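Residue-level structural notes
Spelled out from the first residue to the last, the chains are:
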Amino acid sequence: MQASRARLFKEYKEVQREKGVDPDIQLICDDSNIFKWTALIKGPSETPYEGGVFQLAFAIPEQYPLLPPQVRFLTKIFHPNVHFKTGEICLDILKNAWSPAWTLQSVCRAIIALMSHPEPDSPLNCDSGNLLRSGDVRGYRSMARMYTKLAAMPKKGAESSHTL
Amino acid sequence: MDSEDDMHDADDLDSLDDQFYSGYAALGSDDGDEYDFVDNVSDGAEESTSHRQQQNYTILSDADIRLRQEEDISRISTVLSILRSEACILLRHYNWSVSRVHDEWFANEDHVRKVVGLLENSSEMQRTRELTCGICFENYPRDRMTSAACGHPFCHTCWRGYISTSISDGPGCLMLRCPDPSCGAAVGQDMIDLLATHEDKEKYSRYLLRSYIEDNRKTKWCPAPGCEFAVEYIIGSGSFDVCCNCSYGFCWNCTEEAHRPVDCDTVAKWILKNSAESENMNWILANSKPCPKCKRPIEKNQGCMHITCTPPCKFEFCWLCLGSWSEHGERTGGFYACNRYDAAKQEGAYDESERRREMAKNSLERYTHYYERWATNQSSRQKALSDLHSMQNEKFLLFQLEKLSDQQSQPESQLKFIIEAWLQIVECRRVLKWTYAYGFYLPEHEHAKRQFFEYLQGEAESGLERLHQCAEKELQIYLDAQIPMNDFNDFRTKLAGLTSVTRNYFENLVRALETGLKDVGSSNNQATCSKSSSSKSLGSKAKGGKSKATGNSSKSAGPSRSMDDSNLWSCDHCTYANPKSTRTCQMCEHHR
Ligand SMILES: [Zn+2]
Ligand SMILES: [Zn+2]
Ligand SMILES: [Zn+2]
Ligand SMILES: [Zn+2]
Ligand SMILES: [Zn+2]
Ligand SMILES: [Zn+2]
Ligand SMILES: [Zn+2]
Ligand SMILES: [Zn+2]
């Protein structure tokens, strides 16, 4: 508990210090609970997620960083490795390939990489995985694009505080 | 993939040879002079020893395993000039095959190093006074940090936590790498011993030991509960049956209880079937049945199938078929037929429990028949096993020894024949049990095969009955009373003879069933149907034996046991079943 708190505090300070160094990621610690974080990530360019801003929620276990944080998408996203309803993410570094040397920042980077390179063979979203596996890249892209527009694009006038 | 001995052929079963016939002829010998075969005992015993396979497995104790593992590790460490912990990582990666490690290493050392994470040139941690731990991000003096061969520094608290998390996650801890995600340098036992808690070190070395057995394709743990022995098996060496030092016999291939002569697939099917039918079968396992004569419930508390009802009834009957014992086995020389499933007999004639009558389905009846006999032999075996244990453990034999040596100065070795008889009973019950699974899956339409099989099984059942009865009941007479030396010597000769003959018979039976009764014409429907008139006498005899039970019917059974469906002929004189190719009886030299 003490070790994880100390480590998260270090990450917090690092995030404050490095603010803006990585323009694609904005990590925000909950005001009252250092084990709850959210992040806003930009959809990578040349993907159907481009132009979208996606919100992630982090729940951090007491044994962190020996055990990985639990991360899920709060923003709807059509992606083979993200559960469409719950936002749960299938990513090896969040499971058996976790290393305690990873940080919340590097987890965000890994998730952005996953958005660029979906793994249709371990799908959490079968519809999306099947489209890709059957070679229907256009079908996948247009679905993903549609949901990006619907859920991840800042609407005019609303929620302007969430834009990066 | 990993296959230094895959080229061996697993199938080197002995062929069905003449010994088979000599074996069962002895049991099938005429009544009256049933101890004739004792003369041949020495012969039989020699044959059976020469036949016994050289043991194709080794039992390993905890100490043996540690020693071997240590030897393998040092050998690799010496030959490749690498650290002990590195040799250990290599061996684990190649499933503890020393030769495989050699081959791979000398074929492409760089590749192997990369795959397992052994760096050729280890880097030291940076030479600064303070370093930052890659996990907690705190700064520590250099001497309070440790790294793997890669030089990535982590503080001791973080190392301990990292190692502990991995160990509590399972045997994957044996493949531990540097925590730096980009690194991959192996973390071996030397670092565990340096950094982990005492408890974790123990756990790690247990995983390492388990891996030595579980990841090596030549070794397995004995599946008996609580047993800590392992078995090393010579792959491709034939019979899968192994017997652990804890006395549990099991199949090396499927790790079920030893099941020769039935193959692993049949066993798996049978076990599945049993669990599917277990609700229907529970009542069968109850150890009590009504006496067929007086209807009082009788409990089976002895190993053999010969049951005597309590006074005043004293009716003697067979536990398996509930038929009168006087129609069974050696007394009448009749065909022992309670092993045979006979669909007709299920109808009406039997006054068995209501439950049985409710079983309308023939298939269930059929299964019930085989299951009941399988289960009864199983419990008979358990009983014999516990009898044997109590004889070996308790003061039983010591007491007997005293008594006997007082009476007749018998040295201890002279009583070994009793233990041997019981060991044989236990083994035979096991074989017999599995012959019922064999019978259940023997195709119904292969009449000749079925008949021959049932004949062999029947003879096995009755032969074993004789041995079991002799060891269980006749022995008791000697324990209860003061018997002259001569009588005891007679008893010894009889029991030792029965043991030897039964052993031979069962060894041959196992061999015959394993080769699929290939000497018997299998699917010649035309021939078998036309023979059904002659073979019917077998069936009707068995039936008649139960309902009418006249002495005549069992006498007429003599010639009727001729197996003329197959390529055997039955001797008129001694009833021995001879191969068609012979003109004179192999047993008594009577001409055809
Ligand atoms: Zn640390
Ligand atoms: Zn490293
Ligand atoms: Zn054992
Ligand atoms: Zn098996
Ligand atoms: Zn009775
Ligand atoms: Zn009996
Ligand atoms: Zn019977
Ligand atoms: Zn003869």
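By convention here, each chain's residues receive numbers from 1 onward along its written sequence. Working convention: letters from A go to chains and numbers from 1 go to ligands, in the order in which they are written. Only residues with pLDDT of 70 or above have their local features reported here, since the model is predicted, and side-chain atom pairs are shown and tallied only from 80 upward, although totals for entire chains, interfaces and linings are computed over all residues. Computation of side-chain values: all heavy atoms of the structure, hydrogens and water removed.

**Focus: the sheet that holds strand S1 (residues 25-29) of chain A**
Sheet strands pair via backbone hydrogen bonds, and the direction of the pair is either parallel or antiparallel. Residue and element names in this part refer to chain A. This is how the line gets drawn: A pair of strands is considered paired only if DSSP assigns at least 2 bridges between the two. What counts as a helix is a DSSP run of H or I of at least four residues, what counts as a strand is a run of E of at least two, and both are numbered from the N terminus. Between N-to-C directions, angles cover 0 to 180 degrees, with each direction set by a line fitted to C-alpha atoms, over the stretch in contact for helices. It only takes one pair of heavy atoms within 4.5 Å for two residues to be counted as in contact.
Judged by pairing direction, the sheet is antiparallel, and its four strands sit side by side in the order S1-S2-S3-S4 without closing on themselves. In this open sheet, the two strands that pair with only one neighbour each are S1 and strand S4 (70-73). On average, each strand axis in the sheet is inclined to that of its neighbour by 20 degrees, with strand direction left out of account. Pairing between S1 and strand S2 (residues 36-42): five bridges, direction antiparallel. Paired with Gln-26 across the bridge in S2 is Leu-40. Against the sheet, helix H1 (residues 2-17) contacts S1 and S2, and its axis sits at roughly 35 degrees relative to S2.

**Quick look at helix H3 (residues 62-79) of chain B**
Every α-helix carries 3.6 residues per turn, so stepping three or four residues along brings you back to the same face. All names here are of chain B. Counted only if it meets this: To estimate how far a helix should reach, multiply one less than its number of residues by 1.5 Å. Type-normalised accessible area, obtained with a 1.4 Å probe on protein chains alone, sets the label of each residue: buried when under 20%, exposed when over 50%, and partly exposed for intermediate values. To be clear, the arc concerns the directions from the helix axis to the C-beta atoms.
Taking 1.5 Å per residue, 18 residues should reach 26 Å; H3 reaches 26 Å between its end C-alpha atoms and fits that length. Here H3 has its buried residues at Ile-65, Gln-69, Asp-72, Ile-73, Ile-76 and Ser-77. Mapping the buried residues of H3 onto a view down its axis gives an arc of 130 degrees, with all of them on the same face. Counted as exposed and oriented over 90 degrees from the buried face of H3: Ala-63, Leu-67 and Thr-78. On its buried face, H3 is in contact with strand S1 (57-60), helix H4 (84-93), helix H5 (98-107), helix H9 (198-214), strand S6 (219-221) and strand S7 (230-233). Just downstream of H3 lies Ser-81, where phi reads positive at about 50 degrees.

**Structural notes on the UniProt feature "active site" (unreviewed entry) in chain A**
Residues and elements named next belong to chain A. Filter applied, for reference: UniProt positions are given in the numbering used here, feature names are shortened, and annotations may be inferred rather than shown by experiment.
The residues that UniProt annotates with the feature "active site" (unreviewed entry) are Cys-90. By the element assignment, Cys-90 lies in the loop between S4 and helix H2 (104-116). Under the relative-accessibility criterion, Cys-90 is labelled partly exposed at 23%. Among all residues touching Cys-90, those that are not within four sequence positions of it are Asn-81, Lys-95, Leu-114, Ser-122 and Leu-124.

**A closer look at the packing of aromatic side chains**
The line we're drawing: Pairing of aromatic rings covers Phe, Tyr and the six-membered ring of Trp, with a centre-to-centre limit of 6.5 Å; geometry is then stacked below 30 degrees between planes, edge-to-face above 60, and tilted otherwise. Only Lys NZ and Arg CZ are tested; either one counts as a charge over a ring when it is within 6 Å of the ring centre and within 35 degrees of the ring normal.
This model, assessed by the stated rule, comprises 31 aromatic pairs over all chains. Each ring, one from A:Phe9 and one from A:Tyr12, has its centre 6.4 Å from the other, and the planes form 20 degrees; the classification is stacked. Placement of the pair is A:Phe9 and A:Tyr12 together in helix H1, with a separation of three residues, close to one helical turn. Overall, A:Tyr12 belongs to the partly exposed group, its relative accessible area being 31%. An angle of 65 degrees between the planes, with centres 6.1 Å apart, marks the rings of B:Phe417 and B:Phe491 as edge-to-face. With B:Phe417 in helix H15 (residues 416-441) and B:Phe491 in helix H17 (residues 485-514), this residue pair connects regions lying 74 residues apart in the sequence. Per residue, the accessibility class of B:Phe417 equals that of B:Phe491, and both read buried. Ring pairs connect the aromatic residues B:Trp270, B:Tyr367, B:Tyr370, B:Tyr371, B:Trp374, B:Trp434, B:Tyr436, B:Phe440 and B:Tyr441, which therefore count as one cluster. A cation sits over an aromatic face here: A:Lys76 above A:Phe84, 4.9 Å from the ring centre.

**Details of the side chain of A:Thr148**
All names here are of chain A. For Thr-148, the position within the fold is in helix H4 (residues 137-152). When its relative accessible area of 2% is taken as the criterion, Thr-148 is described as buried. Ignoring sequence-local partners within four residues, the contact set of Thr-148 consists of Pro-48, Tyr-49, Glu-50, Gly-52, Phe-54 and Met-153.

**Topic: the pattern of salt bridges**
All names here are of chain B. Operational definition: A pairing counts as a salt bridge when a side-chain nitrogen of Lys or Arg comes within 4 Å of a carboxyl oxygen of Asp or Glu.
In this structure the tally under the stated criterion is 25 salt bridges over all chains. As a salt-bridge pair, Glu-109 and Arg-113 come within 2.9 Å of each other at their nearest N and O atoms. One end of the pair is Glu-109 and the other is Arg-113, both in helix H6 (residues 109-116) and four residues apart, which spans about a single turn. Judged by relative accessible area, Glu-109 falls into the partly exposed class, the value being 26%. We note a salt bridge from Arg-260 to Glu-514, for which the minimum N-O separation is 2.6 Å.

**Focus: the interface of chain B and chain A**
How big an interface is tends to be stated in terms of accessible area lost as the parts join. As a reminder, the rule being used: Two parts lose some accessible area (1.4 Å probe) when they are put together, and adding that loss for both gives the buried area. By the criterion applied in these results, polar contacts are pairs of N or O atoms within 3.5 Å in which, for protein atoms, one can donate a hydrogen and the other can accept it, and in which residues neighboring in sequence qualify only through two side-chain atoms.
Listed per partner, the contact involves 12 residues of chain B and 12 residues of chain A. Summed over both sides, the interface of chain B with chain A buries roughly 910 Å², with 74% coming from carbon and sulfur. When the buried surface of chain B facing chain A is broken down by residue, B:Ile135, B:Phe137 and B:Pro181 rank first, second and third, together holding 50% of it. Where chain B meets chain A, there are one salt bridge. Ionic pairing is found between A:Lys10 and B:Glu138, a salt bridge with its closest N-O pair at 3.5 Å. Our count for the contact surface shared by chain B and chain A stands at two residue pairs in polar contact (both at pLDDT 80 or more).

**Some details on helix H7 (residues 156-168) of chain B**
All names here are of chain B. Between the first and last C-alpha of H7 there are 18 Å, a value that for 13 residues agrees with the 18 Å anticipated at 1.5 Å per step. Those residues of H7 that fall on the buried side of the exposure criterion are Cys-158, Trp-159, Gly-161, Tyr-162, Ile-163, Ser-166 and Ile-167. On its buried face, H7 is in contact with strand S4 (145-146), strand S5 (154-155), helix H8 (189-195) and H9. One or two residues past the end of H7 sits Gly-170, with phi positive at roughly 125 degrees.

**Notes on the pairing of strand S3 (residues 53-59) of chain A**
Residues and elements named next belong to chain A. Taking burial as the measure, the seven residues of S3 include five buried ones, the bulk of the element. Both S2 and S3 contribute to a ladder of seven bridges, which runs antiparallel. Paired with Thr-38 across the two strands is Ala-57, which belongs to S3. Direction of pairing for S3 relative to S4: antiparallel, over a ladder of four bridges. Each bridged residue has a counterpart across the sheet, and for Ala-59 the counterpart in S4 is Gln-70.

**A few points about unusual backbone geometry**
Cis geometry is adopted by the peptide bond preceding A:Pro65, which originates at A:Tyr64 and carries an omega value of 5 degrees. With respect to the helices and strands, A:Pro65 occurs in the loop between S3 and S4. Residue B:Pro261 follows B:Arg260 across a cis peptide bond; omega there is 5 degrees. Here B:Pro261 is to be found in the loop between strand S9 (249-251) and helix H10 (264-276). A positive phi angle, near 60 degrees, is found at A:Glu46, a position not held by glycine.

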